[in-house]
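# Architecture at a glance
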Amino acid sequence: MREVAPALLAWYDRHARSLPWRVPPGGGRADPYRVWLSEIMLQQTTVAAVRAYFLRFTALWPTVEALAAADDAQVMAEWAGLGYYARARNLLACARQVVAQGGFPQDRAALMTLPGIGPYTSAAIAAIAFDQPETVVDGNVERVVARLFAVETPLPAAKPELTRLAATLTPQTRPGDFAQAMMDLGATICTPRNPACALCPLNAMCAAFRSGIAQELPRRSPKPAKPQRTGTAWVALTPDLILLERRPPKGLLGGTLAFPSTGWDNSDSPAPLMAEWQMLDPVEHVFTHFALRLQVHLALLPAPANAARGSWLPRPEFASRDLPGLMRKVWARVLPEIEGA
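What comes next concerns the included structure.

Cut-offs applied
- Residues numbered from 1 in each chain as written.
- Predicted model: local features only at pLDDT ≥ 70, side-chain atom pairs only at ≥ 80, totals over all residues.
- Heavy atoms only, no water.
- Core = buried A, V, L, I, M, F, W, Y, C linked by side-chain atoms within 4.5 Å.
- Buried < 20%, exposed > 50% of the residue type's maximum accessible area, 1.4 Å probe, protein only.
- Helix = DSSP H or I, 4+ residues; strand = E, 2+ residues; numbered from the N terminus.
- Disulfide = S-S within 2.5 Å.
- Expected span 1.5 Å × (residues − 1).
- Contact = heavy atoms within 4.5 Å.

### Some points on the nonpolar core
The biggest cluster of nonpolar side chains holds 104 residues, and the ones touching the most others in it are Trp36, Leu67, Phe259 and Trp331. Ranked by residues supplied to this core, first place goes to helix α8 (residues 119-130) with eight residues. Core analysis: the second largest hydrophobic core is formed by five residues, Ala236, Leu243, Leu273 and Leu301 among them.

As structure tokens, this is what we get:
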């Protein structure tokens, strides 16, 4: 498979995607801050979803020093909607540690000592930002390698074998470009469904293509059904105010702005205040490990009342974009009921 790297890099030089965090082929060394920020954002998220967030973050905080000095609540608000909120908390912790030690370390082992950086992210930063010959394996790369070598072991059991095989392809020169080329190939040519094998620069080397099974790989073990949880969210409004709370820093949706809620996250508490609560239709949301059905209750009050939790925020200061995805769904459920309220 020695011919894989030259063929793929030649293809990448012509067809590399233009991404706001990426230095194009031949464009010089990538900024480790932008590489790190993009890789954290891209975890469990698509390129299309991340693009606008990345541009907004880098406009607000163009350097790791600027991010390290940022207000926690503002960063959490800007992150709202990207999900997996522990990433945002680790983002701040990592930025502050990087600044304290004088910059990003260049080798994978040292990068893995930073908050929120694991095996994949450390390899990506080392390869793309520092040109270290590290093997970067994400879902796109797993798919490309499974097809190149016709690995029929189902995922996730195949992951160690796919990582080992991917390492045999990593070149000593241009490892960062090679890592990004593998990702681009998986995203644009070697796609999960209907791969464009006729256009692939590696089709002559691909065992799955030769065997006619490319579309069948990688195989996957059946996923178990997600458990179902239920809970309640309370939305209280006056003509001028809205009741919101900051969730605990750790746990589900940690550190985010939210409507008071209970049940779904193993919490147990009554409504935040005495009121005539109107029951609306529930909202559905899927987390990594469970599915949620959240009952929505609405109270329209003439004036603020003492609340057992949360605090009253002036409605002109409230922006639904500051909420995590689940709470945006709650707000969308409430909106038709409060037009003009």
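This is not the end of the story, as more comes after the structure.
### Structural notes on the state of the cysteines
Under the definition given, this model contains zero disulfides. Of all cysteine sulfurs, the one in Cys200 lies closest to Cys190, which takes part in no disulfide; the gap is 6.1 Å. We note that Cys197 lacks a disulfide partner, and the nearest cysteine sulfur, in Cys206, lies 6.4 Å from it. Residue class for Cys197 comes out buried when judged on its relative accessible area of 18%.

### Some thoughts on α8
Residues lying three or four places apart along an α-helix face the same way, a consequence of the helix completing one turn every 3.6 residues. The terminal C-alpha atoms of α8 lie 16 Å apart, and with 12 residues this matches the ideal 16 Å at 1.5 Å per residue to within 8%. In terms of burial, α8 is a largely internal element, 10 of the 12 residues being buried. Those residues of α8 that fall on the buried side of the exposure criterion are Thr121, Ser122, Ala123, Ala124, Ile125, Ala126, Ala127, Ile128, Ala129 and Phe130. On its buried side, α8 packs onto α2 (32-42), α7 (108-111) and α11 (175-188). Of the residues flanking the end of α8, it is Asp131, one or two places downstream, whose phi is positive at about 60°.

Remember that the coordinates give geometry; whether it matters functionally is a separate question.
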